[in-house]
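# Descriptive structure summary
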Amino acid sequence: MSKALIVYGSTTGNTEIVAEQIVEILKDKGVEVTLKNVVDATVAELGKEYDLTVLGSSTWGEEDIEFQEDFAQFFEDMDKAELKDKKVAIFGCGDSSYEHFCGAVDELEGKMESLGAKVVGDSLRIDGDPSDSSSDVDDWAAEIAAAI
Ligand SMILES: Cc1cc2nc3c(=O)[nH]c(=O)nc-3n(C[C@H](O)[C@H](O)[C@H](O)COP(=O)(O)O)c2cc1C
């Protein structure tokens, strides 16, 4: 059975809702999933025995791109993550009325490239209320499951 780790940061619960929906789809596809709020995760856990690592953060800030507050330090620490050649998928919640729509997702893509990770699928950017994008989340989760 393939294994996936999902680590997410969420302030008002939107990214958490999306993470939980991804869990359900991956499980339906036969993947064993570990879901962690970033406050309970360590960078050393990333990659490891997992066939897929899924990272999710909402975006905050006005002029500059800011990660969800719990995810910010984790992102810095991720320089030490052993993700070379590991499959990673990235998602995040945001609001397209802001200048840097889902900027945290862009930043994560850049970090994964610098670490030599293999980003699977097109990263998922949720605009506004995630319940309006439920079918997009289902489709994306099915796509990353197929990429394991
Ligand atoms: C003060 C503030 C700043 C925000 N900045 C951005 C931003 O720069 N880019 C973006 O895409 N969304 C931005 N958002 C929208 C949030 O990312 C969005 O509400 C998201 O769904 C929150 O997800 P969470 O509940 O998982 O933290 C901002 C929201 C607030 C209240």
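Below or above, wherever it landed, is the structure these notes cover. Keep in mind the model is a prediction, meaning the values are calculated, not measured. (Residues numbered from 1 in each chain as written. Predicted model: local features only at pLDDT ≥ 70, side-chain atom pairs only at ≥ 80, totals over all residues. Heavy atoms only, no water.)

### Let's talk about unusual backbone geometry
- Notably, Asp-85 is not glycine yet its phi reads approximately 65 degrees, a positive angle.
- Phi is positive for Cys-102, which is not a glycine, with a value near 50 degrees.
- Of note, Cys-102 is situated in the loop between strand E6 (87-94) and helix H3 (103-115). (Helix = DSSP H or I, 4+ residues; strand = E, 2+ residues; numbered from the N terminus.)

### Thoughts on the pairing of strand E2 (residues 32-37)
- Two elements, strand E1 (residues 3-9) and E2, share 6 bridges in a ladder whose sense is parallel. The residue of E2 that forms the bridge with Val-7 is Lys-36.
- Taken together, E1, helix H1 (residues 14-28) and E2 constitute a β-α-β crossover, and its handedness is right-handed. (Pairing = 2+ DSSP bridges. Right-handed = clockwise from strand over helix to strand, strands pointing away.)

### Description of the packing of aromatic side chains
- The tally for this structure, following the rule as stated, stands at 4 aromatic pairs.
- Here the aromatic rings of Phe-71 and Phe-74 are separated by 5.5 Å at their centres, their planes lie at 70 degrees, and the arrangement is edge-to-face. Note that Phe-71 and Phe-74 are positioned in helix H2 (residues 69-77) at a spacing of 3 residues, about one turn of the helix. No difference in accessibility class separates Phe-71 from Phe-74, as the two residues are buried.
- In this structure, Lys-111 packs its charged tip against the face of Phe-75, placed 4.1 Å from the ring centre. (Phe/Tyr/Trp six-rings, centres within 6.5 Å; stacked < 30°, edge-to-face > 60°. Buried < 20%, exposed > 50% of the residue type's maximum accessible area, 1.4 Å probe, protein only. Lys NZ or Arg CZ within 6 Å of the ring centre and 35° of its normal.)

### Description of the site of the ligand
- Around the ligand, the surrounding shell holds 18 residues, and the nearest of these are Ser-10, Thr-12, Thr-15, Ser-58 and Thr-59.
- Thr-12 places a polar side-chain atom, nitrogen or oxygen, 2.4 Å from an oxygen atom of the ligand.
- In this structure, an oxygen atom belonging to the ligand sits 2.6 Å away from a main-chain N or O atom of Thr-59.
- At the level of elements, H1, strand E4 (59-60) and E6 are the ones that each hand at least two residues to the shell around the ligand.
- A per-class count over the shell around the ligand returns 5 nonpolar, 11 polar and 2 charged. (Near = heavy atom within 4 Å. Polar contact = N/O pair within 3.5 Å; in protein donor to acceptor, adjacent residues only side chain to side chain. Nonpolar A, V, L, I, M, F, W, Y, C, P; charged D, E, K, R; others polar.)

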